[in-house]
Protein chains: 2
Amino acid sequence: MPFTPRTPRVVAARRLHRRRDRDATGRFLAEGPQAVREALARPGTVAELFGTPAALDRHADLAARAAADDVPVSDVTDDALAALTETVAPQGLVAVCRHLDVPLSEALAAGPRLVAVLAEIRDPGNAGTVLRTADAAGAGAVIFAGDAVDPYNGKCVRASAGSLFHVDVVRAGDPLAVVAALRAAGLAVLATTGYGDRDLDDLADADALATPTAWLFGSEAHGLPDGLTAVADARVRVPLHGRAESLNLAAAAAVCLYASARALRRRP
Amino acid sequence: MPFTPRTPRVVAARRLHRRRDRDATGRFLAEGPQAVREALARPGTVAELFGTPAALDRHADLAARAAADDVPVSDVTDDALAALTETVAPQGLVAVCRHLDVPLSEALAAGPRLVAVLAEIRDPGNAGTVLRTADAAGAGAVIFAGDAVDPYNGKCVRASAGSLFHVDVVRAGDPLAVVAALRAAGLAVLATTGYGDRDLDDLADADALATPTAWLFGSEAHGLPDGLTAVADARVRVPLHGRAESLNLAAAAAVCLYASARALRRRP
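Residues numbered from 1 in each chain as written. Chains lettered and ligands numbered in written order. Predicted model: local features only at pLDDT ≥ 70, side-chain atom pairs only at ≥ 80, totals over all residues. Heavy atoms only, no water.

Quick look at the overall build of chain A
Moving on, step 1. Broken down by element type, chain A carries 13 helices and 11 strands.
Moving on, step 2. Over its C-alpha atoms chain A spans a radius of gyration of 20 Å, differing by no more than 12% from the 18 Å that the globule rule assigns to 268 residues.
Moving on, step 3. By principal-axis analysis of the C-alpha atoms, chain A measures approximately 65 × 35 × 30 Å.
Moving on, step 4. Counting over 268 residues, chain A shows a buried share of 56%.
Moving on, step 5. A separation of at least 24 residues holds for 82% of the contacts in chain A among residues at least 6 apart in sequence.
Moving on, step 6. Roughly 10900 Å² of accessible area belongs to chain A as shown, and the carbon and sulfur atoms make up 50% of that amount.
Moving on, step 7. The centroid of the 29 positive side-chain charges in chain A is displaced by 1 Å from the centroid of its 32 negative side-chain charges. (Helix = DSSP H or I, 4+ residues; strand = E, 2+ residues; numbered from the N terminus. Rg over C-alpha atoms; globule rule 2.2 N^0.38 Å. Buried < 20%, exposed > 50% of the residue type's maximum accessible area, 1.4 Å probe, protein only. Contact = heavy atoms within 4.5 Å. Areas by Shrake-Rupley, 256 points an atom, 1.4 Å probe, with all protein chains shown as cover. Lys, Arg positive; Asp, Glu negative; His and termini not counted. Charge placed at Lys NZ, Arg CZ, Asp CG, Glu CD.)

Here it is, written out as structure tokens:
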């Protein structure tokens, strides 16, 4: 018999839509075959897999992979699946995953040459998109600092398109302590701000980006906290060539991270 | 007496939430003081301005500017304002604007050095974001080609953050005809695709971007139509340094447009 929305394990998993329950259990939900595949690729991450019979049949490789790793795999009804997922077309699969963030010290010990810091960014879609872009640009770590969104928020997980499972994710408290640790690890710390005194193109032309770098990004509405901007090694603005007053966060982060990626690529 | 949701002019304006009525009347809605300010900066664009008494008082400069341009300004109740707007906090103002797209020939006659083509992009948020990024990167024209979203869709207008009023917006039918016209105007036509045989960094290193360029962007789900990719001068991929399978549309467009902006900037 497939599990229904009232089956205790479904009820328990469904509570993970709430941050309080994610924090208390150290678990979160990842929905859809792409996310489930990425999660299964990290041994020990998936705690439980739910799927409609049709989806488990269609993705028999994923069900087999889970079973081989001793992950419980359970049939659920369409109603139970709907209760466990947040999107209109979740494609029949959802995994309960274990939190996978690592301490800052561990992430830095791996020697990343490119790091993104999301400082006080509260919008989960923006945070997940920057996480995806940071992964694409080759960042080794993405740090959620200060009062930032929960990286395991469903919308953030979905916007990351699997990248949550690719890079070292760090949850850190005080952003100033993060900057100190980044600098101690030998990274240049660059703050992005529309009011920066350094133009991104000029930095690139001066070959100043061909060094291990951590980028600080703030929220679209409020920018970076002043104290954080002040302690960075440089305050960098993305040039505005037209009449737009600003870029949105995802676009600004993409331009900055890819400027670093390009500079670092030529210096292996 | 302020207008209510049942006042005929409010009823008529409210219909502009629907594409059919926008197409039939050639008008659309722009909400919030920022958009209203940008719209008023283009003479002849605003046909009518509605605001709550508090908002018209708070933004007396905008009300005065409208009145000076013979634009009717009307008080509306909170309920009428809510009926005319789509966001939770519209800040009390909404303008009925005249469509402002121009024919492709007119946009090309202005000699833009950077152009973005949104080919069959149906998501209004994505389209508006790319429009904003194109403006920031200095693009002179943004072309909505083929079966693309209506640029006057409320979500697109909001995501553009005013850029709809800054650049030449073109609505074109056949994307293949657009490519032919772009090429005839002397622009290099570059198609962005995850399967491109040219790496963006390599193009930049080869100084191939320091020439007037039109970028073709397709939808995140479906990419560019094959026929369109085939006729471009080059098929370009944004390099993926990490393990992300792709970038989202807004990030990819930001990286490509800013690569061109940087190359063109050094060649005034």
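Side note on the nonpolar core
Moving on, step 1. Formed by 132 residues in total, the largest nonpolar core has its most connected members in Phe 144, Trp 215 and Phe 217 of chain A together with Phe 144, Trp 215 and Phe 217 of chain B.
Moving on, step 2. Apart from residues lying up to four places away in sequence, Trp 215 of chain B is in contact with Leu 114, Val 115, Ala 116, Val 117, Leu 190, Thr 192, Leu 200, Leu 209, Val 236, Cys 256, Leu 257 and Ser 260 of chain B. (Core = buried A, V, L, I, M, F, W, Y, C linked by side-chain atoms within 4.5 Å.)

Some words on unusual backbone geometry
Moving on, step 1. In this model, Asp 70 of chain B sits at a positive phi of 60°, which is unusual for a non-glycine residue.
Moving on, step 2. Looking at where Asp 70 of chain B falls in the secondary structure, it is placed in the loop between helix 5 (60-68) and strand 3 (73-75).

Considerations on helix 5 (residues 60-68) of chain A
Residue and element names in this part refer to chain A.
Moving on, step 1. Within helix 5, burial applies to Leu 62, Ala 63 and Ala 66. One side of helix 5 carries all its buried residues, which in axial view fall inside an arc of 100°.
Moving on, step 2. Contact partners of the buried residues in helix 5: helix 3 (33-40), strand 2 (46-51), helix 4 (53-58), strand 3 (73-75) and strand 4 (93-98).
Moving on, step 3. Residue Asp 70 follows helix 5 closely and has a positive phi angle near 60°. (Arc of directions from axis to C-beta.)

Here's the deal with the relation of the copies chain A and chain B
Two copies of one chain are present, and they are related through a rotation about an axis combined with an axial shift.
Moving on, step 1. By a simple turn and slide, chain A fits onto chain B: the slide is 0.0 Å along the axis, the RMSD is 0.0 Å, and the turn is 180°. Look at the turn and shift together and you get a two-fold axis relating the two.
Moving on, step 2. In this assembly the copies share their binding face: 100% of the residues contributing to the interface of chain A also contribute to that of chain B. (Least-squares fit on C-alpha atoms with pLDDT ≥ 70 in both.)

Some details on the interface of chain A and chain B
Moving on, step 1. Every contact between the two is made by 37 residues of chain A and, on the other side, 37 residues of chain B.
Moving on, step 2. For the pair chain A and chain B, the two sides together bury roughly 3100 Å², of which 47% comes from carbon and sulfur.
Moving on, step 3. When residues of chain A are sorted by the area they lose upon contact with chain B, Arg 132, Arg 243 and Arg 262 of chain A head the list and together hold 20% of the total.
Moving on, step 4. Taken together, the links from chain A to chain B amount to eight salt bridges. (Buried area = accessible area lost by both parts, 1.4 Å probe. Salt bridge = Lys/Arg side-chain N within 4 Å of Asp/Glu carboxyl O.)

Focus: the layout of surface pockets
Residues and elements named next belong to chain B.
Moving on, step 1. Looking at the second largest pocket, its volume works out to about 730 Å³.
Moving on, step 2. At the level of elements, strand 11 (234-237) and helix 13 (249-265) are the ones that each hand at least two residues to the lining of the second largest pocket.
Moving on, step 3. Partitioning the lining of the second largest pocket into residue classes produces 11 nonpolar, 10 polar and four charged. (1 Å grid on protein atoms, 1.4 Å probe; cavity = no way out; pocket = protein on both sides within 12 Å on 5 of 7 lines; lining within 4 Å. Points joined across faces, edges and corners; volume = space filled by probe spheres on them. Nonpolar A, V, L, I, M, F, W, Y, C, P; charged D, E, K, R; others polar.)

Regarding the domain arrangement of chain A
Residues and elements named next belong to chain A.
Moving on, step 1. Taken domain by domain, chain A comprises domain 1 (8-98) and domain 2 (104-265).
Moving on, step 2. On a C-alpha basis, the centres of domain 1 and domain 2 stand 30 Å from each other.
Moving on, step 3. Each side of the interface is counted separately: domain 1 has 16 residues, and domain 2 has 16 residues.
Moving on, step 4. Interface area lost by domain 1 to domain 2 is led by Phe 28, Glu 38 and Arg 42, which between them contribute 38%.
Moving on, step 5. The closest approach of N and O atoms between Arg 22 and Asp 150, which form a salt bridge, is 2.6 Å. (Domains from an automatic or database assignment.)

What to know about the sheet that holds strand 3 of chain B
Strands pair in a sheet through their backbones, by hydrogen bonds, and they do so in one of two ways: parallel or antiparallel.
Residues and elements named next belong to chain B.
Moving on, step 1. Spatially, four strands are ordered 1-4-2-3 in an open sheet, and the strand pairing comes out mixed. Two strands in the sheet have a free side with no partner beyond their single neighbour: strand 1 (27-31) and strand 3. On average, each strand axis in the sheet is inclined to that of its neighbour by 20°, with strand direction left out of account.
Moving on, step 2. Bridging between strand 2 (residues 46-51) and strand 4 (residues 93-98) involves five bridges; their strand directions are antiparallel. Across the sheet, Gly 51 pairs through a bridge with Leu 93, a residue of strand 4.
Moving on, step 3. The strands that helix 3 (residues 33-40) touches are strand 1, strand 2 and strand 4; relative to strand 4, the one it contacts most, it runs at about 35°. (Pairing = 2+ DSSP bridges. Axes fitted to C-alpha atoms, helices over the stretch in contact; angles between N-to-C directions.)

What to know about helix 10 (residues 175-184) of chain B
Residue and element names in this part refer to chain B.
Moving on, step 1. Taken as a whole, helix 10 has its buried residues at Pro 175, Val 178, Val 179 and Leu 182. When helix 10 is viewed along its axis, its buried side chains cluster within an angular range of 100° and face the same direction.
Moving on, step 2. For helix 10, the side-chain oxygen to backbone nitrogen distance between the N-cap and Leu 176 is 3.0 Å, and the N-cap itself is Asp 174.
Moving on, step 3. Just downstream of helix 10, Gly 186 is the residue with a positive phi angle, here 90°. (Polar contact = N/O pair within 3.5 Å; in protein donor to acceptor, adjacent residues only side chain to side chain.)

Brief notes about the side chain of Asp 135 of chain B
Moving on, step 1. Considering the arrangement of structural elements, one finds Asp 135 of chain B in helix 8 (residues 124-136).
Moving on, step 2. The buried charged residue Asp 135 of chain B lacks any salt bridge, with Arg 243 of chain A as its nearest oppositely charged partner at 6.3 Å.
Moving on, step 3. Within the structure, Asp 135 of chain B has its side chain in polar contact with the side chain of Ser 163 of chain B (distance 2.7 Å).
Moving on, step 4. Setting aside anything within four residues of it in sequence, one finds Asp 135 of chain B in contact with His 241, Gly 242, Arg 243 and Ala 244 of chain A together with Ser 163, His 166 and Val 167 of chain B.

Comments concerning the pairing of strand 10 (residues 213-217) of chain B
All names here are of chain B.
Moving on, step 1. By the criterion of burial, strand 10 is predominantly enclosed, with five of the five residues buried.
Moving on, step 2. Every second residue of strand 10 is oriented toward a common face, with Thr 213, Trp 215 and Phe 217 on one face and Ala 214 and Leu 216 on the other, all of them buried.
Moving on, step 3. Direction of pairing for strand 5 (residues 114-119) relative to strand 10: parallel, over a ladder of five bridges. Following the sheet pairing, Ala 116 is matched in strand 10 by Trp 215.
Moving on, step 4. The sheet contact formed by strand 8 (residues 188-192) and strand 10 spans four bridges and is parallel. Each bridged residue has a counterpart across the sheet, and for Leu 190 the counterpart in strand 10 is Trp 215.

Notes on the pattern of salt bridges
Moving on, step 1. Going through the model one piece at a time under the given rule, you end up with 36 salt bridges over all chains.
Moving on, step 2. The salt bridge partner of Arg 132 of chain A is Glu 220 of chain B, with a shortest N-O separation of 3.3 Å. Taken together, the residues Arg 132 of chain A in helix 8 (residues 124-136) and Glu 220 of chain B in the loop between strand 10 and helix 12 (226-231) connect one chain to another.
Moving on, step 3. Residues Arg 237 of chain A and Asp 199 of chain A are paired through a salt bridge, measuring 3.9 Å at the closest nitrogen-oxygen approach.

Some words on the environment of Gly 162 of chain B
Residue and element names in this part refer to chain B.
Moving on, step 1. For Gly 162, the position within the fold is in the loop between helix 9 (154-159) and strand 7 (168-172).
Moving on, step 2. The spacing of Gly 162 and Ala 30 is 132 residues in sequence and 9.2 Å in space, taken between C-alpha atoms.
Moving on, step 3. What Gly 162 contacts, discounting residues up to four positions off in sequence, is Glu 38 and Val 157.

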